[in-house]
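Listed below, chain by chain, are the residues.
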Amino acid sequence: MAKGIAGKNNWALVLLILIGVVLGGFLGNLVSGVPGLSWLNYGKTFGFSSPMVLDLGIMVLTFALTINITIAGIIGVVIAIIIYRLL
C-alpha cells in the first residue's frame, strides 16, 4: 500500500474522510429540526439533475451522481483529518 508523509497510510486518510462525511451528513439530518442546530444541515447539492441513460440494445446503463455538501459534513471531514494527524 502507498505510504504518505511520515509513513502514514493514505488509504486510512481516505477512509477517515469518508467516515467523517457520512457521520457529518447523518448528524446534519438528525439535528435539522432542532432550532439552534438547524444551520448544520445548510449546504449545497450539485451533480446531475437527471440520470444519464446509455441504451446499448442488450444492456442499459444508468449513470447518476449527486453530492450534498453540508456544514456538518465539512466539520466531519475536518475532525477526520485531525484524527488522522494525531494517529
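Residues take numbers from 1 onward in each chain, read along the sequence in its written order. Residues qualify for local features only when their pLDDT is at least 70, as the model is predicted, and side-chain atom pairs are given and counted only at 80 or more; totals for whole chains, interfaces and linings, by contrast, use all residues. Excluded from the side-chain calculations are hydrogens and water; all other atoms, namely the structure's heavy atoms, are used.

1. Quick word on the overall build of the protein
Helix and strand definitions follow DSSP, with helices as H or I runs of at least four residues and strands as E runs of at least two, each counted in order from the N terminus. Helix and strand counts for the protein come out as two helices and four strands. The atom set for the radius of gyration is the C-alpha atoms, and the globule formula is 2.2 Å times the number of residues raised to the power 0.38. In summary, the protein has a C-alpha radius of gyration of 18 Å against a globular reference of 12 Å for 87 residues, an excess of more than 25%. For the C-alpha atoms alone, the extent of the protein along its principal axes is close to 55 × 45 × 15 Å. Working definition: with a 1.4 Å probe on protein chains only, accessible area under 20% of the residue-type maximum means buried, over 50% means exposed, and in between means partly exposed. Per-residue burial over the protein gives 13% buried out of 87 residues.

2. Things to note about the environment of Ser50
Among the secondary structure elements, Ser50 is positioned in the loop between β1 (43-47) and β2 (52-55). Along the chain, Ser50 and Val22 lie 28 residues apart, while their C-alpha atoms are 23 Å from each other.

3. What about helix α1 (residues 10-30)?
In an α-helix, one full turn covers 3.6 residues, which means residues spaced three or four apart are oriented alike. In this scheme, a helix's expected span is set at 1.5 Å multiplied by one less than its residue total. Between the first and last C-alpha of α1 there are 30 Å, a value that for 21 residues agrees with the 30 Å anticipated at 1.5 Å per step. Every buried residue of α1 is listed here: Gly20, Gly24 and Gly28. Burial along α1 is one-sided: seen end-on, the buried residues are contained in an arc of 55°. Seen from the open side of α1, the exposed residues pointing more than 90 degrees away from its buried face are Trp11, Leu15, Leu18, Val22, Phe26, Asn29 and Leu30. Working rule for contacts: check all heavy atoms of both residues, and any pair within 4.5 Å makes them a contact. Contacts from the buried residues of α1 go to α2 (71-86). In protein, a polar contact means a hydrogen-donor-capable atom and an acceptor-capable atom, both N or O and within 3.5 Å, with residues adjacent in sequence counting only if both atoms are side-chain atoms; elsewhere, any N or O pair within 3.5 Å suffices. For α1, the capping residue at the N-terminal end is Asn9, with a side-chain oxygen 3.1 Å from the backbone nitrogen of Trp11. Directions from the helix axis toward the C-beta atoms define the arc.

4. Quick look at the side chain of Thr70
Here Thr70 shows up in strand β4 (residues 66-70). In contact with Thr70, not counting residues within four places along its chain, are Gly25, Leu40, Asn41, Tyr42 and Gly43.

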